[in-house]
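Remarks on the overall topology
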Amino acid sequence: MLRRVLDVRELSAGYGDVEVLKGISLYVNEGEVVAIFGSNGSGKSTFLKVVAGVLKPWGGTVHFLEEHIDPLPPEERVRRGVALAAEGRRLFMGMSVEENLILGGWTRRSRVKENLERVYSYFPELSEKRKTLAGDLSGGQQQMLSIGRALMSEPRLLMIDELSLGLAPAVVDRLAHILLTVREKEKISLLLVEQEVSLALEVSDRAYVFDLGEVVDEGPSEELLRRDSIRKTYLNVL
Ligand SMILES: Nc1ncnc2c1ncn2[C@@H]1O[C@H](COP(=O)(O)OP(=O)(O)O)[C@@H](O)[C@H]1O
Ligand SMILES: [Mg+2]
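Residues numbered from 1 in each chain as written. Chains lettered and ligands numbered in written order. Predicted model: local features only at pLDDT ≥ 70, side-chain atom pairs only at ≥ 80, totals over all residues.

We now examine the overall build of the protein chain. Broken down by element type, the protein chain carries ten helices and ten strands. Here the C-alpha radius of gyration of the protein chain, 17 Å, is about what a compact globule of 238 residues would show, namely 18 Å. Along the first, second and third principal axes, the C-alpha atoms of the protein chain reach 45 × 45 × 40 Å. For the protein chain, the proportion of its 238 residues judged to be buried stands at 42%. (Helix = DSSP H or I, 4+ residues; strand = E, 2+ residues; numbered from the N terminus. Rg over C-alpha atoms; globule rule 2.2 N^0.38 Å. Buried ≥ 20, exposed ≤ 12 C-beta atoms within 10 Å, placed from the backbone.)

For helix H1 (residues 44–52), the complete set of buried residues consists of Lys44, Phe47, Leu48, Lys49, Val50 and Val51. Two residues or fewer past H1, Gly53 is found with a positive phi of approximately 90°.

Glancing now at the sheet that holds strand E2 (residues 18–29). Across the sheet, which stays open at both edges, the four strands sit in the order E2-E1-E4-E5 with antiparallel pairing between neighbours. At either end of the open sheet lies a strand with only one pairing partner, and these are E2 and strand E5 (67–68). As defined by bridge partners, strand E4 (residues 59–64) adjoins E5 across two bridges and the pair is classed as antiparallel. Residue pairing across strands places Phe64 opposite Glu67, the latter belonging to E5. Running at roughly 115° to strand E1 (residues 4–15), H1 makes contact with E1, E2 and E4 of the sheet. (Pairing = 2+ DSSP bridges. Contact = placed C-beta atoms within 7 Å. Axes fitted to C-alpha atoms, helices over the stretch in contact; angles between N-to-C directions.)

Positive phi outside glycine occurs at Glu154, with the angle close to 50°. Examined against the element boundaries, Glu154 turns out to sit in the loop between helix H6 (139–151) and strand E7 (157–161). Positive phi values are uncommon outside glycine, yet Glu162 reaches one of about 60°. With respect to the helices, strands and loops of the structure, Glu162 is situated in the loop between E7 and helix H7 (169–186).

Where E1 meets E2, nine bridges bridge the pair, whose relative direction is antiparallel. Its bridge partner lying in E2, Asp7 is registered against Tyr27. Connecting E1 to the antiparallel partner E2 that follows it, the hairpin turn spans two residues, and Gly16 within it adopts a positive phi of roughly 60°. The pairing of E1 with E4 spans five bridges and is antiparallel. Of the residues in E4, the one forming a bridge with Val8 is Val62.

Close to ligand 1 lie Tyr15, Val20, Asn40, Gly41, Ser42, Gly43, Lys44, Ser45 and Thr46, which account for all nearby residues. The element contributing the most residues to the shell around ligand 1 is H1, with three residues. Class assignment of the residues belonging to the shell around ligand 1 gives a composition of two nonpolar, six polar and one charged. (Near = placed C-beta within 6 Å. Nonpolar A, V, L, I, M, F, W, Y, C, P; charged D, E, K, R; others polar.)

For the rest of this paragraph, the subject is the packing of helix H3 (residues 97–104) against H6. At their nearest, the axes of H3 and H6 sit 7 Å apart, and the two run at 35° to each other. For the pair H3 and H6, the sense of crossing is right-handed. Contact residues: H3 offers Val97, Asn100, Leu101 and Gly104, while H6 offers Leu145, Gly148, Arg149 and Ala150. Looking at the contact of H3 with H6 residue by residue, the classes come out as four nonpolar, three polar and one charged. (Left-handed = near helix turned anticlockwise from the far one by under 90°.)

Read these as geometric descriptors, not functional statements.
Given below as structure tokens:
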């Protein structure tokens, strides 16, 4: 049977006294690419923050590789293989490409060198720009750096919030292609939050549709691509 890397049940969370996530259940199998999409403010980023451990849940459970991780702080989750490339990329803009990557490898200190080479093999452009300040990179290169930094921790589950945001379609295609290579080579699972629904459904095995903090649709991506309600609402196809 396929092992669940991530298994979230009935998760609720919010900010102050405002409930944002209202009982989300979602799982990711080993080696799977799972996409989450849905309108702005539907709770996608909030969901990833709870899984990463930077936001406390109000209720429900999060299991990672069959262990209950709710009590664990974010650093311990990173050690166990949870990585988040956050929305907005959150790079240290005044530091070089390589310095940003090294910071991403703090949980695997003894393997920083190998992991740098590994990340550079996926992103040759970063290798050429190792000494360049993150702030001087193009948007696409910054996204590569954000993903590369997450890969430095040798994740079992890589979560990426808004992969395509602000990037040209050709750049997004390349990033998607690289991610599928990473998945293939490292047998890791990917959880992608993506506004661009056609892209989300093309690169993923399964997908979840969030609306107002709830899962309103889910299924194999091929099936969702053919579903009339999805095509009308998210793909502008009549
Ligand atoms: N730090 C925060 N403090 C208060 N409310 C927030 C915060 N972050 C997000 N929210 C609110 O939570 C809801 C869900 O936001 P978010 O998870 O960012 O949605 P999405 O990523 O799907 O666009 C929105 O109504 C948003 O305004
Ligand atoms: Mg978001």
